[in-house]
There are 2 protein chains.
Amino acid sequence: MAGGIGSRFWPLSTPEFPKQFIDILGCGRTLIQLTVDRFKGVCPMENFWVVTNASYVDIVRQQLPEIPVNHILAEPAARNTAPCIAWACWRIKAEDSEANVVVTPADAVVMNPEEFRRVIGNALKFTEKSDAIVTVGIKPSRPETGYGYVETQTDASPAESEIHKVAAFKEKPDLETAEKYLKAGNYLWNAGIFVWNVKTIIEAIKTYKPNISSDMERMKTEADVQEVFPQCEKISIDYAVMEPAAADGKVYTHPADFGWSDLGNWASLHDKLQKDSENNGAVGKVRLYECKNCVVHAEDASKVVLQGLDGYIVSAKGDRLLVCKRSEEQRIKEFSQAD
Amino acid sequence: MAGGIGSRFWPLSTPEFPKQFIDILGCGRTLIQLTVDRFKGVCPMENFWVVTNASYVDIVRQQLPEIPVNHILAEPAARNTAPCIAWACWRIKAEDSEANVVVTPADAVVMNPEEFRRVIGNALKFTEKSDAIVTVGIKPSRPETGYGYVETQTDASPAESEIHKVAAFKEKPDLETAEKYLKAGNYLWNAGIFVWNVKTIIEAIKTYKPNISSDMERMKTEADVQEVFPQCEKISIDYAVMEPAAADGKVYTHPADFGWSDLGNWASLHDKLQKDSENNGAVGKVRLYECKNCVVHAEDASKVVLQGLDGYIVSAKGDRLLVCKRSEEQRIKEFSQAD
């Protein structure tokens, strides 16, 4: 899934070139490339599928030339994750009616890809022999209020050694609730990474969202896609399938700890970047003098010099520049929209 | 004179494109264009001469297309102001042996061009009928330690109503001395703006710097320039001519107050820019939130957003960026040279 527009990282990320297509960690690979990289040995290149906005297809082809061109699905409009995932799974089923599928966002980071592969391998083995819907649950390290949570059943014996039945999905909590979740121990972050057999998800969509299922059945030609997809119900896979399926006892989770972050804001980027002795994280040709606690991204600048800044975001991209206090990062969208 | 390399305004100004060729005030005209503009009605375009480094000739031709191409003198090497001025004056004499000449740097600003023209007009009238060497002396507004000073004779009656004999040139003073100069009232800033008859300056160079005079006599062809000019003595016109001529009682000054600044640093640029209510001076498409006392130049950026900065310089040009405290601006050259 590579359709996000990443407005919180302006001007690093823009609707014309959002963060999944950016080398946000300064490691030489963009987030979508890193996402593909971490499936090495799990999924051959010819089995990848990318669903993205039509306007990003050229970027995907350029950044992932090994993926078959007919596996890049161009959404004519953004309809949230349920139609996105449904479309890919219907297409996958047409090629392999027994396929096991991993669904992942293209804009998250995983600092330990080896552990990621182990977890995904476990989940794939589980869905090979069952009609389980598996969501990967990230073990929380802090009382985060920016993510949804997955509650696991504590009384049941595990389905497999590391796979637990999901009791419920929980919306983004307030801080007090998040602290309770962290203390309770059986709440995990919902990372939007799902594993299932293609038959399972298609059955589930037929059951819980028959309107989306029938839309998918109508999408035979490119013209059908243009006509039908923009009219699909705009709904997340969580609301459309995961929550009702969990209520029916069909959803499992694999708790995981592989250094995941959705890089949803500058704080999480700062967290994942390598820091200097003054707690600055910087990507690009950046020289810092008397700076501390800064997060800097100037990937394509030939030279950036910063002096005397404490606790600032500096983001430069092309001919756009943002300097603002880290404490004010929730205003970046407002800043980006000002004339 | 347009040969400076302006390292103190990095990255706004670089050796490849120094400040005289930049619209540093954000008014739509570069400093060299403004310098030419302010002689409107004083000097026709066909009488302008520009001496610059060979590497800047194309920029001069582009920015000042009205100036005759053969009046743009390309220095093969920088030899300070004495050879620069001598070369131009020798060439002017070949076209008009009676010419009155105004010499001016191309990278200063004058906020009151009308008063500038009045002062220059007075000085030209004076040099038409005398063999005086005239330097324009800027009435000091503060005990500036960054400029040289011109001391006028206090006991003599003025040569003309506003033109006084120069007693001595003074090097850049320390603060205590600068305060004395300011209090004394007969010390003026040496702005490097000179007025003389071409015969006068050529005689003076023959007298005080016969080596430069004989070098000039040898520069008949382009090949001669390439051979001779780089070997000319590297010396300022102040040391070469003004100081010894003043000692001989041949130098006069016209005190002036026309809003002159050499824009030698960010403080002087901040001083000359129009400020918002929070004392920020900004050039370019810049949006400021909770900023004060900043000076910002981002001429060619499509959008700059700054938040929460107090007393900073922000300079963006092409793919280079500087953010530093105004109190640290003397380190900019060091910053620009770091790898």
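Because the structure is predicted, anything quoted here is derived from the model rather than measured. The residue numbers shown here count from 1 along each chain, following its written sequence. Written order decides the labels, with chains lettered from A and ligands numbered from 1. pLDDT decides what is reported in this predicted model: residues at 70 or higher carry local features, side-chain atom pairs at 80 or more are listed and counted, and totals for whole chains, interfaces and linings draw on all residues regardless. Calculation of side-chain values draws on the structure's entire complement of heavy atoms; hydrogens and water are dropped beforehand.

A. Summary view of the relation of the copies chain B and chain A. Each copy of the sequence occupies a distinct position, and chain B is placed on chain A by a rotation of 179° and an axial shift of 0.0 Å, giving an RMSD of 0.1 Å. Between the two chains, the operation in question is that of a two-fold axis. For chain B, the smallest separation between a C-alpha atom and the rotation axis is recorded for B:Asp319, amounting to 3.8 Å. Should any heavy atoms of two residues lie within 4.5 Å, those residues are counted as being in contact. Here 100% of the interface residues in chain B have copies in chain A that are interface residues too; the copies meet face to matching face. The fit set for superposing copies consists of C-alpha atoms from residues with pLDDT of at least 70 in both; the fit itself is least squares.

B. Focus on unusual backbone geometry. Residues and elements named next belong to chain A. Note that the residue after Trp10, namely Pro11, is joined by a cis bond; omega there is 0°. With respect to the element layout, Pro11 can be found in the segment before α1 (31-37). In this structure, Leu263 takes a positive phi of about 45° despite not being glycine. Residue classification places Leu263 among the buried residues on the basis of a relative accessible area of 0%. Phi is positive for Asn293, close to 60°, though the residue is something other than glycine. Looking at where Asn293 falls in the secondary structure, it is placed in the loop between β12 (286-289) and β13 (295-298). Here's how the labels work: a residue is buried when its accessible area is under 20% of the maximum for its type, exposed when over 50%, partly exposed in between, all with a 1.4 Å probe on protein chains only. The exposure class assigned to Asn293 is partly exposed, which follows from its relative accessible area of 25%. By definition, any uninterrupted DSSP run of H or I lasting at least four residues is a helix, any uninterrupted run of E lasting at least two residues is a strand, and each is numbered from the N terminus.

C. Representation of the sheet that holds β12(A) within the structure. Spatial ordering of the open sheet is given by β12(A)-β14(A)-β16(B)-β15(B)-β13(B)-β11(B), a layout of six strands whose pairing is mixed. Lying at the two open borders of the sheet, with one neighbouring strand each, are β12 of chain A together with β11 (281-284) of chain B. Averaged over all pairs of adjacent strands, the angle between their axes in this sheet comes to 5°, without regard to strand direction. In this structure, strand β15 (residues 312-317) of chain B lies alongside strand β16 (residues 320-325) of chain B, joined through six bridges in antiparallel fashion. The partner of B:Ser315 across the bridge, within β16(B), is B:Leu322. Pairing between strands is defined by DSSP: at least two bridges between them are needed. Angles here are taken between N-to-C directions and fall from 0 to 180 degrees, while the axes themselves are lines fitted to C-alpha atoms, restricted in helices to the stretch in contact.

D. Just the pattern of salt bridges, in detail. Take a side-chain nitrogen of Lys or Arg and a carboxyl oxygen of Asp or Glu: if they are within 4 Å of each other, that pair is a salt bridge. One pass over the full model with this rule turns up 26 salt bridges over all chains. Among the ionic pairs, A:Glu328 bridges to A:Arg331, the shortest N-O distance being 2.9 Å. Among the residues examined, A:Arg331 registers a relative accessible area of 16% and is labelled buried. The partner of B:Lys209 in a salt bridge is B:Glu233, and the shortest N-O contact between them spans 3.1 Å. In this pair, B:Lys209 is assigned in the loop between α6 (198-208) and α7 (210-218) and B:Glu233 in the loop between α8 (222-228) and α9 (237-247), connecting sequence segments 24 residues apart. Note on B:Glu233: relative accessible area 28%, which makes it partly exposed. Salt bridges sharing common partners tie together A:Glu290, B:Glu328, B:Arg331 and B:Glu334.

E. Representation of the environment of B:Ser130 within the structure. All names here are of chain B. On the secondary structure map, Ser130 appears in the loop between α4 (113-128) and β5 (133-138). Judged by relative accessible area, which is 24%, Ser130 ranks as partly exposed. For the pair Ser130 and Ile92, spaced 38 residues apart in the sequence, the C-alpha separation amounts to 19 Å. Polar contacts, as counted here, are pairs of nitrogen or oxygen atoms within 3.5 Å of one another; within protein the pair requires one atom able to donate a hydrogen and one able to accept it, and residues that are adjacent in sequence qualify only if both atoms are side-chain atoms. Among the polar contacts listed, one links the side chain of Ser130 to the backbone oxygen of Phe126, at a separation of 2.9 Å. A polar contact is formed between the side chain of Ser130 and the backbone nitrogen of Ala132, at a distance of 3.2 Å.

F. Highlighting the sheet that holds strand β12 (residues 286-289) of chain B. A sheet is described by the order of its strands in space; here six strands give the open sequence β11(A)-β13(A)-β15(A)-β16(A)-β14(B)-β12(B), paired in mixed fashion. On the outer flanks of this sheet lie β11 (281-284) of chain A together with β12 of chain B, each paired with one strand and no other. Across this sheet, the average inter-strand angle for adjacent strands is 5°, counted without regard to direction. Judged from the four bridges that link them, β12(B) and strand β14 (residues 303-307) of chain B form a sheet pairing that is parallel. The residue of β14(B) that forms the bridge with B:Leu288 is B:Leu306.

G. Focus on the pairing of strand β9 (residues 251-256) of chain B. Residues and elements named next belong to chain B. Judged by how many residues are buried, β9 sits mostly within the fold: six of six residues are covered. Residues Val251, Thr253 and Pro255 of β9 are buried on one face, and the alternating residues Tyr252, His254 and Ala256, pointing to the opposite face, are buried as well. As paired elements, strand β7 (residues 164-170) and β9 share two bridges and run antiparallel to each other. Considered in β9, the bridge of Lys165 is made with Tyr252.

H. Main features of the interface of chain B and chain A. At the junction of the two partners, chain B supplies 31 residues and chain A supplies 31 residues. The junction of chain B with chain A conceals about 2600 Å² of combined surface from both sides, 50% of it contributed by carbon and sulfur atoms. By convention, the term buried area covers the 1.4 Å-probe accessible surface removed from two parts as they join, with the contributions of both added. Area buried by chain B at its contact with chain A is led by B:Lys303, B:Gln307 and B:Leu321, which between them contribute 26% of it. Here chain B is connected to chain A by two salt bridges. Here B:Glu290 makes a salt bridge to A:Arg331, at a shortest N to O gap of 2.9 Å. For the pair chain B and chain A, the number of links is 24 residue pairs in polar contact (both at pLDDT 80 or more). Examining the composition of the side of chain B that touches chain A, we find that six residues originate from one element, β16(B), more than from any other. Here the term charged refers only to Asp, Glu, Lys and Arg, the term nonpolar to Ala, Val, Leu, Ile, Met, Phe, Trp, Tyr, Cys and Pro, and the term polar to all other amino acids, Gly among them. Of the residues belonging to the side of chain B that touches chain A, the class tally is 15 nonpolar, five polar and 11 charged.

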